[in-house]
Amino acid sequence: MKKLLLISVATLLSACSSAPLAGKNSLDGEVFYLQRIALPPTATLSVSLQDVSLADAPAVVLDEQHGPVKGQVPLPFHLSYDPAQVKPGHRYAVSARIEVDGQLMFITTEQHTVHLDGKDPQPLKIRVNAAR
């Protein structure tokens, strides 16, 4: 009886620990800027993972994180994506922006390419520059 209970518990635990989060992969990272200024409490951060393969069409957003800034730089982010959405031969990138009261304050000015093959360095370091 004890052995049966132990086997049942072990089976249940192994099923829970090996189940992926609904087939999702993730990218974790930090957004930063070089200016030595503090963000106001009304600042918001938006970070998105996009398919940027087509030059003459809008990027397809795979995931986006948007919300109030908590603290100061570096600002952490977490993006999830379905590996089934990743298409061979396509290009993917992460972009970020910081707004204050609806006005753009910082934005990525260079492309931060990711491969979505499980080998992207994490945490990703995404630099934003002051909007002019």
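Residues numbered from 1 in each chain as written. Predicted model: local features only at pLDDT ≥ 70, side-chain atom pairs only at ≥ 80, totals over all residues. Heavy atoms only, no water.

The name that an unreviewed UniProt entry assigns to the protein chain is YbaY family lipoprotein, with the source organism given as Pseudomonas viciae.

Q: What is the right way to look at the packing of aromatic side chains in this model?
A: Centre-to-centre distance and the angle between the planes together describe a pair of aromatic rings. Tallying each qualifying case throughout the model produces one aromatic pair. Where Tyr-33 meets Phe-106, the ring centres are 4.1 Å apart and the plane angle is 10°; that geometry is what we call stacked. With Tyr-33 in the loop between strand S1 (25-32) and strand S2 (43-51) and Phe-106 in strand S6 (residues 103-107), this residue pair connects regions lying 73 residues apart in the sequence. Take Tyr-33 and Phe-106: they sit in the same class, and that class is buried. (Phe/Tyr/Trp six-rings, centres within 6.5 Å; stacked < 30°, edge-to-face > 60°. Helix = DSSP H or I, 4+ residues; strand = E, 2+ residues; numbered from the N terminus. Buried < 20%, exposed > 50% of the residue type's maximum accessible area, 1.4 Å probe, protein only.)

Q: Explain the nonpolar core to me, please; I cannot follow it from the model alone.
A: Looking at soluble globular proteins, one finds that nonpolar side chains tend to be buried together. Core analysis: the largest hydrophobic core is formed by 25 residues, its most contacted members being Val-31, Leu-49, Val-94 and Ile-98. Of all the elements in the fold, those that place two or more residues in this core are S1, S2, strand S4 (75-81), strand S5 (92-100) and strand S8 (124-127). Sorting elements by how many residues they give to this core places S5 first, with five residues. When residues no more than four places from it in sequence are discounted, the contact partners of Leu-49 are Leu-27, Val-60, Val-61, Leu-62, Asp-63, Leu-79, Tyr-81, Tyr-92, Ala-93, Val-94, Val-114 and Leu-116. (Core = buried A, V, L, I, M, F, W, Y, C linked by side-chain atoms within 4.5 Å. Contact = heavy atoms within 4.5 Å.)

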